[in-house]
Amino acid sequence: MRKSGIVPPLRLCFFMWLVFTIEFYLRIDLGYLGIYPREVSGLIGIVMAPLLHGNFNHLASNTIPLLVLGGSLYFFYPKIAPRVFLHAYFFTNILVWIFGRPFYHIGASGLIYALASFMVFHGLFKRNFKSVIISAIVIFLYGGMAYGLFSFDERISWESHLMGAVVGLASAFTFSKSRS
């Protein structure tokens, strides 16, 4: 099971790149399928938003952390990884739909923040050697992401970052008692 740890995040990245490629070659913008808070039409974004990216740089900057953090989650915590990943994906987007500013939120950064937050806080809650080391490595590699929680650039969905961090923290607390 550990050898297949990269498969779920790799699948998601494949679909992110597929959607981007379709948008590029057909010259269409599917951004309207993102999360539009508190509008029924924006509910589709809960599923679609992580697959949608505004440009190549946005997509590329989400791909590597998703593969690293998602692959690490499935490799080091295989028993709880599917549930953590689903919480990170769906609960983050649901919270953005409830609390976000009224514009289309797209991208996988909320999911990435949830995964990073989970990995950091799981180590703090679990307090075993493996989890603490993983936590320290994630802080070293992705600690700078904390600045994204306070980015109030109106073009950036800081709400996705914040909600992802909250979901990661809650998931870490929830799953810290279970065997990983």
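How each quantity is defined
- Residues numbered from 1 in each chain as written.
- Predicted model: local features only at pLDDT ≥ 70, side-chain atom pairs only at ≥ 80, totals over all residues.
- Heavy atoms only, no water.
- Helix = DSSP H or I, 4+ residues; strand = E, 2+ residues; numbered from the N terminus.
- Buried < 20%, exposed > 50% of the residue type's maximum accessible area, 1.4 Å probe, protein only.
- Contact = heavy atoms within 4.5 Å.
- Polar contact = N/O pair within 3.5 Å; in protein donor to acceptor, adjacent residues only side chain to side chain.
- Core = buried A, V, L, I, M, F, W, Y, C linked by side-chain atoms within 4.5 Å.
- Salt bridge = Lys/Arg side-chain N within 4 Å of Asp/Glu carboxyl O.
- Patch = residues over 30% accessible without salt bridge, like charges linked within 9 Å, V, L, I, M, F, W, Y side chains within 5 Å.
- Areas by Shrake-Rupley, 256 points an atom, 1.4 Å probe, with all protein chains shown as cover.
- Phe/Tyr/Trp six-rings, centres within 6.5 Å; stacked < 30°, edge-to-face > 60°.

1. Examining the environment of Arg 101
Now for step 1: Looking at the element boundaries, Arg 101 is found in the loop between helix H4 (81-99) and helix H5 (109-126).
Now for step 2: Judged by relative accessible area, Arg 101 falls into the partly exposed class, the value being 23%.
Now for step 3: For Arg 101 and Ala 136, which are 35 residues apart along the polypeptide, the C-alpha to C-alpha distance reads 33 Å.
Now for step 4: Ignoring any residue separated from it by four or fewer positions in sequence, one finds Arg 101 in contact with Pro 37, Asp 153, Glu 154, Ile 156, Ser 157, Trp 158 and Glu 159.
Now for step 5: Within the local environment of Arg 101, its side chain forms a polar contact with the side chain of Glu 159, the two groups lying 2.5 Å apart.

2. A look at the nonpolar core
Now for step 1: Leu 12, Leu 66, Leu 73, Phe 85, Leu 111, Leu 115 and Phe 118 are the most contacted members of the largest nonpolar core, which has 40 residues in total.
Now for step 2: Counting residues per element, the ones that place at least two in this core are helix H1 (7-26), helix H3 (56-76), H4, H5, helix H6 (129-142) and helix H7 (158-175).
Now for step 3: Looking at which element gives the most residues to this core, the answer is H5, with nine residues.
Now for step 4: Once residues lying within four places of it in the same chain are set aside, the contact partners of Leu 12 are Leu 51, Leu 66, Phe 85, Tyr 89 and Leu 111.
Now for step 5: The next biggest cluster of nonpolar side chains, apart from the first, holds six residues, and it includes Ile 46, Ala 49, Val 96 and Trp 97.

3. Describing the pattern of salt bridges
Now for step 1: With the rule as written, the count across this model stands at one salt bridge.
Now for step 2: The salt bridge involving Glu 159 is made with Arg 101; its shortest N-O contact spans 2.5 Å. Placement of the pair is Glu 159 in helix H7 and Arg 101 in the loop between H4 and H5, with a sequence separation of 58 residues.
Now for step 3: The class of Glu 159 is buried, set by a relative accessible area of 3%.

4. Quick word on a nonpolar patch on the surface
Now for step 1: On the surface, Val 47, Leu 86, Phe 90, Phe 91, Ile 94, Ile 98 and Phe 99 cluster together into a nonpolar patch covering about 610 Å² of accessible area.
Now for step 2: The biggest single contributor to the nonpolar patch is H4, with six residues.
Now for step 3: Mapped onto the elements of the fold, Phe 90 is located in helix H4.

5. What about the packing of aromatic side chains?
Now for step 1: Taken as a whole and assessed by the stated rule, the structure comprises 10 aromatic pairs.
Now for step 2: Every member of this aromatic cluster is reached through a ring pair, and the members are Phe 121, Phe 125 and Phe 173.

6. Focus on the environment of Leu 43
Now for step 1: Relative to the helices and strands, Leu 43 resides in the loop between H1 and helix H2 (45-48).
Now for step 2: Owing to a relative accessible area of 36%, Leu 43 belongs among the partly exposed residues under this scheme.
Now for step 3: On a C-alpha basis, the gap between Leu 43 and Ala 136 in space is 36 Å, while along the polypeptide they are 93 residues apart.

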